[in-house]
Structure formats: C-alpha cells, structure tokens
Amino acid sequence: MHPPERPRSDQERWHDRHPGRRPGARTRKPGEPLEPASLDPDRRKRANERITGAGRRTALARFRQAGDLPGPAGGPLSSRGTDSGSAPIFLMMRRMRVPLIVLIIIFGFTTIGLALAPGETPDGQPHRMGLFNAFYVMSYTASTIGFGEIPYPFTTQQRMWMTVSIYLTVVGWAYTIGTLLSLLQDRAFRTALDMRRFTRRVQRMSEPFLLIAGYGDTGQRLGRAWDQLGRSFVAVDAQPTKIESLDVDQYFADPPGLTADAANPFNLKLAGLKNPHCQAVLALTDNDEVNLAITMSAALLRPDLPVIARAVSAPVEDRMLAWGTPTVINPFDRFGDHLRMALRSPASFRLYSWLEAGPGSEQPPPSSPPAKGLWIVCGYGRFGQEVVGDLLAEGLDVVVIEPDPPSEEYLAAELDRPVERLPRVIRGEGSEPEVMNEAGIDHAVGFVAGTDNDTTNLSLIAAARMRNGELYVAARQNRPSNQSLFTAMHLDLLLVPADIVAREAYARLSTPLLWRFLEEMPQRGEPEALDLIHRIQDRCGQFMKDVWNLELTEWEAPALVGYLDPDSLTAPMRLRLGLPEQPVPLTIGDLFRDPDDRDDRLPVVPLMLLRDGEATIAPDDRTELRLDDEVLVAGTRMARRELQTTLLSEGTAQYVVTGTRMPESWIWRRLAGRRLPQ
C-alpha cells in the first residue's frame with residue numbers, strides 16, 4: 001500500500017474531485033479526431049460572453065451610477081500599466097535633473113559675472129560687456145569651441161573671471177557627461193529603451209503574426225519553421241538568454257522579442273495581443289500555470305483569436321478548457337495517441353508523422369510495434385500513466401516498474417478500471433537484473449523507458465537490450481541537448497515533448513486543411529495510406545516538399561472561373577475571354593498539368609478535396625472541381641509557382657484544360673483573328 005506519510009499529488013487531489021474519471025481519457029479509436037477546438041469566431045465570442053457575463057453589463061453600469069460598485073478604472077489609484085513609450089524620457093529627465101541644474105547655475109553665474117566685469121575700449125574708455133555679449137562669449141567658451149575676445153580685448157579682471165569660468169564649466173560638463181554615460185549603461189534605462197523600441201516595432205507590424213509566449217525549445221522550433229514560411233512572429237519569455245537568441249538565430253526577418261513575464265496581461269498587450277494583425281496566441285512555456293494565465297488573458301482581451309496552449313497536468317487542462325475554446329496540447333497524451341495509431345495502422349502513422357514533420361523531413365522507415373505480447377513500462381509519472389492506459393486500451397499485457405508506485409486506488413482512478421484488472425506493478429529500479437527478471441524481460445515484445453531523467457532512460461534501454469535484442473523500444477527524451485545520444489540508440493519510437501507540441505501547432509496554423517487531413521486519414525485504412533506514401537515518394541522524392549492550401553475562388557483563381565462555374569458566364573463573355581462555346585469541366589488531372597507541356601504532370605499530389613465542408617481524401621484525377629473548392633496539395637516549390645500561373649493566366653488555363661493556346665492581349669487576339677464582341 002501507499003505510505004501514509006507521502007504527500008498527496010495534484011493528480012490525486014484531482015481524482016478526489018472527479019471520482020471514476022481518468023484525466024485525458026479517450027474513448028475514440030486511433031485516428032479519430034482528437035477533439036480539436038473550434039476555430040469559429042462566433043463560438044469564441046459566445047463563450048467569452050458567457051464567461052465575462054456580458055448580459056450583466058447594463059445592470060452593472062446602473063449599479064456603478066448609483067455608487068454600489070466601483071466606477072471605471074482611472075485616477076491616481078488606478079492599476080493601469082504605465083506608458084512604456086515615455087519611460088526612457090522620464091528616466092532620463094529624472095537622472096539628469098541635478099546635473100542639468102548644476103550646469104545651468106554655472107552657466108548663469110559665469111555669464112552674469114562676465115557681464116559685470118570691468119572692461120575698456122581701445123581708447124581707454126570704461127566699458128561693460130552686457131548680458132547678451134557675455135552670454136555669447138560663455139556659449140562658445142563653455143562648449144570648448146573658443147573664438148576670441150569680443151567686442152574688445154579683455155582686461156585683466158575679465159581674463160581672471162574667464163579663467164575661473166572655464167574651470168567651473170569644465171567641472172560642470174564633466175559631471176553632466178559622466179552622469180549621462182552612467183545613465184546609458186544603467187540596466188533600467190536600457191530596459192526602458194528596449195521596451196520602447198519593441199513597442200514601436202510591434203505597433204508598426206502590418207502583416208499577420210503569431211504571438212509566441214514562451215520562447216523555449218518549443219517556441220524556437222516553431223519560430224524557425226514559421227520564419228521559413230516568410231511569416232512574422234513576436235516572442236515573449238521571462239529568461240533574457242532566450243530573447244537574446246533571437247539576435248543570434250538566422251532568421252529571414254528580424255522578429256521582435258520581449259523579456260517579460262508572459263503571465264502578466266500588460267506584457268501580452270505590449271507584445272501585440274490587441275494588435276489587429278495578431279493571428280494567434282501560443283502559450284508554450286514549461287509552466288502550466290503560466291500557460292493558463294496566458295489562455296485566460298487571451299480569452300478575455302481577444303476572444304476572437306485562436307489560442308494553442310501546452311499542458312501536461314489534467315487539472316490545469318480542464319481549467320484551460322473553461323476559458324472558451326482553446327486548443328490544449330498535452331504531449332504525453334498525444335504520444336499515447338500516436339502509439340495507438342502505430343499499433344493499429346502502421347502505414348497511416350507513417351504518413352501522419354511524415355506530413356506533420358513539415359517540409360524537408362525524410363520519409364520515416366516502415367515500422368510496426370507488436371500488437372500482441374508483453375510490454376514493460378519503466379516509470380509511472382504523467383507520461384507513464386498515459387502510455388499504460390493506451391496499451392491497456394489496446395488489449396496488451398503491461399507490467400509497470402516504478403521505485404515508488406502509487407496506491408492501487410489511485411491507479412484504478414487513473415486508468416478507469418477496477419483494481420482486479422490493474423497492470424502488475426513491480427517496486428524497484430528497472431536496471432536491476434532481479435527486477436528485469438521479475439518483469440519478464442526475456443519474453444517481452446515492447447519496452448518503454450519513460451522516466452523524467454534522460455540518463456536513467458538511456459541506462460534502462462541499454463540494460464533491456466542486453467537481455468532481449470528483439471524488443472520494440474520507445475523512450476522519452478526530456479532535454480533537447482541529449483538528442484544525439486538518443487539518435488545513436490536507434491529507437492523505434494521517441495517522445496520529444498517540444499517536437500510534438502511544435503509540430504501540431506505548426507500543422508494547425510500553417511495549413512489549416514493539413515490538420516483536417518491528419519485527423520481523417522487514419523480512418524481510411526492502410527491501403528489508401530500506402531498508396532499516398534508511394535505517390536508522394538514517386539512525384540516528390542524521399543523528402544517532404546511544400547504542403548499548401550489551394551483555394552479555387554474568384555479572387556485566388558480568376559483564370560479558372562469560367563471552368564469552375566460555367567453558368568456564371570454568358571456566351572459573349574465566354575467569347576471575349578476566349579473560352580470554348582460549350583462549357584468544359586475542370587478536373588484535378590487537368591489542373592495539375594504542366595503549363596509548358598500539358599502532356600506532362602507537375603510534381604504535386606492532391607491529398608484532400610474540401611467542398612461544402614465535406615472532405616475527400618486522395619481525390620482521383622477525374623474528379624471535377626467547382627468554384628470555392630479547396631484542395632490540399634503536396635509538391636515542390638517550383639510546381640507551386642507553375643500552378644500559380646495556371647490560376648492567374650487565362651491563356652495558360654485554356655491550354656492546360658483544352659490543349660489550345662490563346663493570345664492573352666487584345667492586340668494579339670486581333671492579329672489572330674479573334675474579334676471581340678461589340
């Protein structure tokens with residue numbers, strides 16, 4: 001039994017409030033939708049109104065007028081943030097106040113003294129310089145320019161006063177310049193300057209950008225991939241070294257970065273949360289509570305924005321989902337989904353991994369985890385709990401090795417199964433031979449090293465392979481710096497939390513149709529997945545090329561409107577545009593013909609056709625296209641440019657569809673004998 005003196009964890013307290021429920025429990029089959037958050041802005045708005053009590057605002061306003069509730073924010077006791085744009089000026093004036101006052105006093109004292117000093121003209125007549133001439137002389141003397149003695153040569157008294165004035169001004173300037181140099185090196189002043197520069201850059205951004213809160217391993221991977229698409233992002237992180245890496249990393253653009261606590265809503269607003277060009281908010285810190293605060297701020301301040309948040313705690317995940325419709329990515333939960341998909345549909349998982357990895361990724365080798373036999377799981381933390389639950393759901397035998405296992409009641413609640421059907425738990429270290437023998441390592445088919453220590457996981461894998469070289473090995477990598485070590489182990493399946501979160505966020509945001517495809521593809525069966533893999537490999541090679549959405553709208557494909565919607569054009573319009581008198585349907589095979597030689601095909605593969613909300617996976621070349629269809633395409637960058645020519649050029653469109661070339665300009669049509677209708 002569990003020792004009574006051990007403090008109860010958050011997970012155990014969560015089960016006390018949710019008896020019989022397993023956090024992250026899944027009743028769906030592998031490959032079924034992962035219950036993504038709706039990106040419908042109206043749904044977000046309605047959720048925000050429920051959360052904020054929008055219907056009560058009128059009544060609250062009446063109460064405020066009656067004095068029962070505090071009024072709007074403002075006044076000297078307001079909690080509003082300060083204006084970051086004026087902070088450097090305010091700090092400079094405050095620090096330079098005393099030096100400037102000293103310099104002004106010295107300048108005024110020496111000017112008045114010089115004006116009163118007795119002088120004489122060349123004729124020997126008494127003469128006083130006056131305030132204006134004294135101010136002029138002190139101006140070029142105090143600034144060390146030097147000009148001469150005016151309007152007449154100075155007397156001994158005037159030169160004596162000038163000597164005193166020079167030394168006084170030198171002292172004043174030295175004090176002022178020293179204070180200024182100290183101010184320029186002051187950390188608070190430099191921070192204020194950086195804040196002002198950052199705020200201005202964010203305000204001037206005129207293109208859609210991502211707000212990445214948490215520029216750690218996950219944020220950096222997503223930022224690099226997003227930059228390669230030619231898109232912008234803004235990074236916020238509490239660690240200065242993370243933000244300083246923006247200046248070192250090789251980006252095509254110069255992304256703004258802010259060193260600040262992302263849990264503070266004021267910092268999020270500085271980073272562009274209220275900017276109309278902000279495309280989405282990503283809460284990617286390694287602290288679930290901070291990610292919850294970011295999700296809450298985005299839901300309240302910009303309910304129309306999609307939010308993607310990372311979480312590994314089931315209680316925090318539930319609290320996130322209470323704030324509208326965020327997409328919460330639990331890397332441990334996702335790894336369990338991937339493992340189940342690999343067990344049931346190896347080819348679908350192979351295609352899924354290849355497309356989700358993004359452009360430039362190599363095709364994964366064929367691999368199939370054993371669907372029957374004994375699996376040994378070392379480590380029963382949050383990751384181990386997810387893996388054990390998924391393996392049991394697939395009907396596999398599981399043995400858990402854990403030095404400090406939880407109680408049976410906790411396991412029953414966590415796995416949502418009775419105590420008598422729980423997996424066997426062995427107390428001990430997985431690297432000990434006695435523990436391995438008790439677990440049955442010699443006849444096991446699968447082994448999972450899932451502790452939160454990379455050194456321990458590598459040692460467990462080495463010990464297991466020494467006993468059984470035929471094991472299917474999966475492991476958890478906690479630190480990205482150990483990637484080379486895990487690569488050298490040649491594992492069958494590897495969990496890198498930063499990779500899983502970054503890849504899913506990239507798939508959801510970069511190409512919206514791609515995530516829809518990844519959810520629906522595993523349900524279509526292994527033959528279709530294998531066929532798609534071979535088609536992509538034949539036309540694009542071993543490495544994944546670009547994946548993009550092809551929108552067949554009047555704006556994106558004006559040259560194809562006459563083929564996509566023949567009824568929208570009258571006969572004179574068809575004649576003027578050079579289209580055939582009888583409507584010619586446009587098929588997927590025609591669309592992907594080479595504009596230079598229509599007998600050749602562009603190196604592209606249609607992955608999915610979306611029409612009126614209905615998706616068709618791997619559409620056939622004979623499929624007819626309609627206006628407002630969307631096609632998910634995988635292909636080379638050169639083919640993407642060639643395809644753009646077909647969408648925009650009427651002459652190219654007619655050639656690839658009908659095989660006849662048409663002059664595009666009015667003059668060449670006249671010369672070719674094609675008369676425009678009067």
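Per chain, residues are indexed from 1 in the order of the written sequence. Only residues with pLDDT of at least 70 are given local features in this predicted model, and only at 80 or more are side-chain atom pairs given and counted; all residues enter the totals for whole chains, interfaces and linings. The side-chain values count all of the structure's non-hydrogen atoms but skip hydrogen atoms and water molecules.

### Some words on the nonpolar core
In this structure, L355, L391, F517, L532 and L607 are the most contacted members of the largest nonpolar core, which totals 57 residues. Formed by 30 residues, the second largest nonpolar core is a distinct cluster that contains L211, A213, L268 and A283. Put simply, a nonpolar core is a bunch of buried Ala, Val, Leu, Ile, Met, Phe, Trp, Tyr and Cys residues held in one set by side-chain atoms that sit within 4.5 Å of each other. Buried residues are those whose accessible area, probed at 1.4 Å on protein chains only, stays under 20% of the maximum for their type, while exposed residues exceed 50% and partly exposed ones sit between those limits.

### Thoughts on the sheet that holds strand β14 (residues 493-495)
Strand pairing follows a simple DSSP-based rule, namely that at least 2 bridges must link the two strands. What counts as a helix is a DSSP run of H or I of at least four residues, what counts as a strand is a run of E of at least two, and both are numbered from the N terminus. In spatial order, the strands read β11-β10-β9-β12-β13-β14; together these six strands make up an open sheet with parallel pairing. Strands at the two margins of the open sheet, each flanked by one partner only, are β11 (424-427) and β14. Adjacent strand axes in the sheet meet at a mean angle of 15° when their direction is disregarded. To obtain each axis, a line is fitted to C-alpha atoms, and for helices this fit is confined to the stretch in contact; angles are then taken between N-to-C directions over 0 to 180 degrees.

### Some remarks on the packing of helix α9 (residues 217-228) against helix α21 (residues 497-510)
Between α9 and α21, the shortest axis-to-axis distance is 9 Å and the interhelical angle comes to 35°. The chirality of how α9 crosses α21 is right-handed. Every residue of α21 that contacts α9 at D217, T218, R221, L222, A225 and W226 is listed here: A498, D499, V501, A502, A505, Y506, L509 and S510. Residue classes follow a fixed rule: Ala, Val, Leu, Ile, Met, Phe, Trp, Tyr, Cys and Pro count as nonpolar, while Asp, Glu, Lys and Arg count as charged, and any other residue, Gly among them, counts as polar. Of the residues belonging to the contact of α9 with α21, the class tally is nine nonpolar, two polar and three charged. Helix crossings are classified by the rotation of the near helix relative to the far one: an anticlockwise turn of less than a right angle makes the crossing left-handed, while a clockwise turn makes it right-handed. Only heavy atoms enter the contact rule, under which two residues are in contact if any of them lie within 4.5 Å.

### Quick word on the sheet that holds strand β17 (residues 614-617)
Sheet strands line up and pair through hydrogen bonds in the backbone, either parallel or antiparallel. Overall, antiparallel pairing links the four strands, which are arranged β15-β18-β16-β17 in an open sheet. With one partner strand each, in any of the chains shown, β15 (546-552) and β17 form the two edges of the open sheet. The sheet shows a mean angle of 20° between the axes of neighbouring strands, direction not considered. Summarising the sheet, strand β16 (residues 604-611) and β17 pair through four bridges and their orientation is antiparallel. Counterpart to M608 in the pairing with β17 is I617. The sheet contacts of helix α23 (residues 526-540) involve β16, β17 and β18 (629-635), and relative to β16 the element is tilted by about 130°.

### So, the pattern of salt bridges
Here a salt bridge means any side-chain nitrogen of Lys or Arg lying within 4 Å of a carboxyl oxygen belonging to Asp or Glu. For the structure shown, the criterion picks out 25 salt bridges. Between R344 and E394 there is a salt bridge, and its shortest N-O distance comes to 2.9 Å. Note that R344 is positioned in helix α14 (residues 331-344) and E394 in the loop between α16 (382-393) and β10 (397-402), a separation of 50 residues in sequence. Overall, the relative accessible area of 42% leaves R344 in the partly exposed class. Each of D333, R334, E504 and R508 takes part in a single network of salt bridges with overlapping partners.

### Observations concerning a negative patch on the surface
In this analysis, a patch consists of residues with relative accessible area above 30% that form no salt bridge, clustered at 9 Å for like charges and at 5 Å for the nonpolar side chains Val, Leu, Ile, Met, Phe, Trp and Tyr. Working definition of accessibility: Shrake-Rupley area with a 1.4 Å probe, residue cover restricted to the visible protein chains. This count recognises Lys and Arg as positive and Asp and Glu as negative, with His and chain-terminal groups excluded. A single reference atom marks each charge: NZ on Lys, CZ on Arg, CG on Asp, CD on Glu. Negative charge collects at one region of the surface, where E554, D612, E614 and D628 lie side by side. When you line up the elements, D628 lands in the loop between β17 and β18.

### A closer look at the pairing of strand β7 (residues 307-310)
Taking every second residue as pointing to the same face, both faces of β7 are buried, with V307 and A309 on one and I308 and R310 on the other. The sheet contact formed by strand β6 (residues 278-283) and β7 spans three bridges and is parallel. What sits directly across from L282, in β7, is I308. Where β7 meets strand β8 (residues 327-329), three bridges bridge the pair, whose relative direction is parallel. Note on β8: the bridge partner recorded for A309 is V328. Running through helix α13 (residues 314-321), the crossover from β7 to the neighbouring parallel element β8 is right-handed. Orienting the strands away from the viewer, one traces the path from the first strand over the helix to the second; a clockwise path indicates a right-handed crossover.

### Re helix α22 (residues 512-520)
Buried residues dominate α22, accounting for seven of its nine residues. Residues of α22 that are buried: L513, L514, W515, F517, L518, E519 and E520.

### What about α21?
Owing to its 3.6 residues per turn, the α-helix aligns residues three or four sequence positions apart on the same side. Taking 1.5 Å per residue, 14 residues should reach 20 Å; α21 reaches 20 Å between its end C-alpha atoms and fits that length. Most of α21 sits out of view: 12 of its 14 residues are buried. Among all positions in α21, only P497, A498, I500, V501, A502, E504, A505, Y506, A507, R508, L509 and S510 are buried. Multiplying 1.5 Å by the helix residue count minus one yields the expected span of that helix.

### Remarks on the packing of aromatic side chains
Each pair of aromatic rings taken from Phe, Tyr and Trp, with Trp reduced to its six-membered ring, is defined by centres within 6.5 Å and is described as stacked if the planes are under 30 degrees apart, edge-to-face if over 60, and tilted in the remaining cases. As enumerated under the stated definition, the model contains eight aromatic pairs in all. Taking 5.6 Å as the distance between ring centres and 80° as the angle between the ring planes, the aromatic pair formed by F107 and F135 counts as edge-to-face. Within this pair, whereas F107 is found in helix α5 (residues 97-116), its partner F135 is found in helix α6 (residues 131-142), the two being separated by 28 residues in sequence. Looking at F107, the relative accessible area reads 22%, which means it is partly exposed. By relative accessible area, F135 is classed as partly exposed at 44%. Put simply, the rings of Y215, F233 and Y251 touch in pairs and so form one group of aromatic residues. Over the ring of W226 we find R231, and its NZ or CZ is 4.9 Å from the ring centre. Comment: the charge-over-ring label is applied if NZ (Lys) or CZ (Arg) is within 6 Å of the ring centre and within 35 degrees of the ring normal.

### Here we look at the environment of A115
Examined against the element boundaries, A115 turns out to sit in helix α5. With 14 residues separating them in the primary sequence, A115 and M129 have C-alpha atoms 5.2 Å apart. Not counting residues within four places of it along the chain, the set of residues in contact with A115 comprises R128, M129, G130, L131 and A134.

### Here we look at the confidence of the model for the protein
For every residue, the predictor reports its confidence as pLDDT, a number between 0 and 100. Model confidence for the protein is summarised by a mean pLDDT of 83, while 82% of its residues fall at 70 or above. For the protein, helix α3 (residues 57-66) is the element with the lowest average pLDDT, namely 45, and β7 is the one with the highest, namely 96. Throughout residues 58-71 the model reports pLDDT below 50, and contacts reaching past four residues in sequence, or to other chains, amount to six contacts. This model gives residues 674-678 a pLDDT under 50, and the stretch forms 12 contacts once residues within four places in sequence are excluded.

### Brief notes about a nonpolar patch on the surface
Residues M92, W173, I177, L180, L181 and L184 make up a contiguous nonpolar surface patch of roughly 500 Å² in combined accessible area. Looking at which element gives the most residues to the nonpolar patch, the answer is helix α7 (residues 156-184), with five residues. Structurally, I177 is set in helix α7.

### Quick word on the packing of α14 against helix α15 (residues 346-356)
As a packed pair, α14 and α15 sit with axes 5 Å apart at the nearest point and diverge in direction by 135°. Considering their axes alone, α14 and α15 lie oblique with respect to each other. Contacts from H338, M341, A342 and R344 of α14 reach α15 at P346, S348, F349, Y352 and E356. For the contact of α14 with α15, the per-class residue count stands at five nonpolar, two polar and two charged. Our angle categories are set so that under 35 degrees counts as roughly parallel, over 145 as roughly antiparallel, 65 to 115 as roughly perpendicular, and the remainder as oblique.

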